[in-house]
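# Summary of structural features
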Amino acid sequence: MGNFYEAQIAHNGHFAGGVLVQAKGEVGGFRHVFVALAGPKAGVMYPTHGGMIKNPFPGRAKMYAGDLVEYRTDGTCLLLKTYEVSTESSGDVVYISSGKCPQGEIFRHIPFVGDVLMVAPDEIDGTGTAATVIAVENTFDAIDGRQNGWKVTLSATLGSLAQGDILVEAEESGSSKKAKVTNPNCYLDKDYDMIYEPATGDEDFDNARYFFTPVLMMGREFAYINRMQPLPDSIKALNKSKVDGWYLL
């Protein structure tokens, strides 16, 4: 369906008969992100209204249960996009992990050309150098041939990076820039697939806009940290859980 839609837009036409368009995909594994507490449990709480995602992935990608969101009462939401460095690197090439779990599945955000990335600042509202992604290449495990990450080429260097460093989406490229998300206050309670070409702005009539309602954590849901997206230290510092290994906003 997505390819057919894109073809209609690209060629500005319509085929009045039947069209068969095929695409393949893989059903990933599953993991329990949230802690199943014993005893009576209140239902999740939602904000008064949802919002439009202002920073959707620019291609086919997935958001996962437990991902954090900055919800705003003006009807907009910002996804917290995070990426874990898989090996030491310097210069304009960075290797990003796909986060293979024991079952060999992938539960990490996909980098795209055009993304603007920076090393996660030490403080939630700190600044740093951000660069634009100009090329993305899948990398593969030498033993079983499975995808295990991405080779990302940037428009500028982010300095020397160590394995395990966390990159986040930045507001724009350049020096002294802030992260896109500086106030994570909600989370996703389920996975979401982004399969349509997103609109690039208010004047983009033809492409998709994504709307959803995130969940307020607010002392009701604990998540396993090692099953969430990679969290930088600045966001781990917001953790209200007193149980090691659990996360609570």
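The text that follows walks through the structure, step by step, so that each part is easy to find. (Residues numbered from 1 in each chain as written. Predicted model: local features only at pLDDT ≥ 70, side-chain atom pairs only at ≥ 80, totals over all residues. Heavy atoms only, no water.)

Within the protein, the regular secondary structure consists of two helices and 17 strands. When each of the 249 residues of the protein is scored for burial, the buried share is 40%. For the protein, contacts bridging at least 24 residues in sequence account for 70% of all contacts bridging at least 6. Just so you have it, the protein exposes about 13800 Å², and 51% of that area is on carbon and sulfur atoms. (Helix = DSSP H or I, 4+ residues; strand = E, 2+ residues; numbered from the N terminus. Buried < 20%, exposed > 50% of the residue type's maximum accessible area, 1.4 Å probe, protein only. Contact = heavy atoms within 4.5 Å. Areas by Shrake-Rupley, 256 points an atom, 1.4 Å probe, with all protein chains shown as cover.)

Before going further, it helps to examine the pairing of strand 3 (residues 68-72). For strand 3, the buried fraction is high: four of the five residues fall into the buried class. Pairing of strand 3 with strand 12 (residues 186-187), which is carried by two bridges, proceeds in the antiparallel orientation. In the sheet register, V69 faces strand 12, and the bridge partner there is C186. (Pairing = 2+ DSSP bridges.)

With the rule as written, the count across this model stands at one cavity of 30 Å³ or more. If you add up the space inside the largest cavity, you get close to 60 Å³. Counted by class, the lining of the largest cavity contains nine nonpolar, one polar and one charged residues. (1 Å grid on protein atoms, 1.4 Å probe; cavity = no way out; pocket = protein on both sides within 12 Å on 5 of 7 lines; lining within 4 Å. Points joined across faces, edges and corners; volume = space filled by probe spheres on them. Nonpolar A, V, L, I, M, F, W, Y, C, P; charged D, E, K, R; others polar.)

What follows is about the packing of aromatic side chains. Any pair of aromatic rings gets described here by the distance separating the centres and the angle formed by the planes. Per the stated rule, a full pass over the model turns up six aromatic pairs. One aromatic cluster in this structure is built from F222, Y224 and W246. For the cation-ring pair, K81 lies above F57, with the distance from its terminal atom to the ring centre recorded as 4.6 Å. Cation over ring: R227 sits above Y224, and NZ or CZ is 4.6 Å from the ring centre. (Phe/Tyr/Trp six-rings, centres within 6.5 Å; stacked < 30°, edge-to-face > 60°. Lys NZ or Arg CZ within 6 Å of the ring centre and 35° of its normal.)

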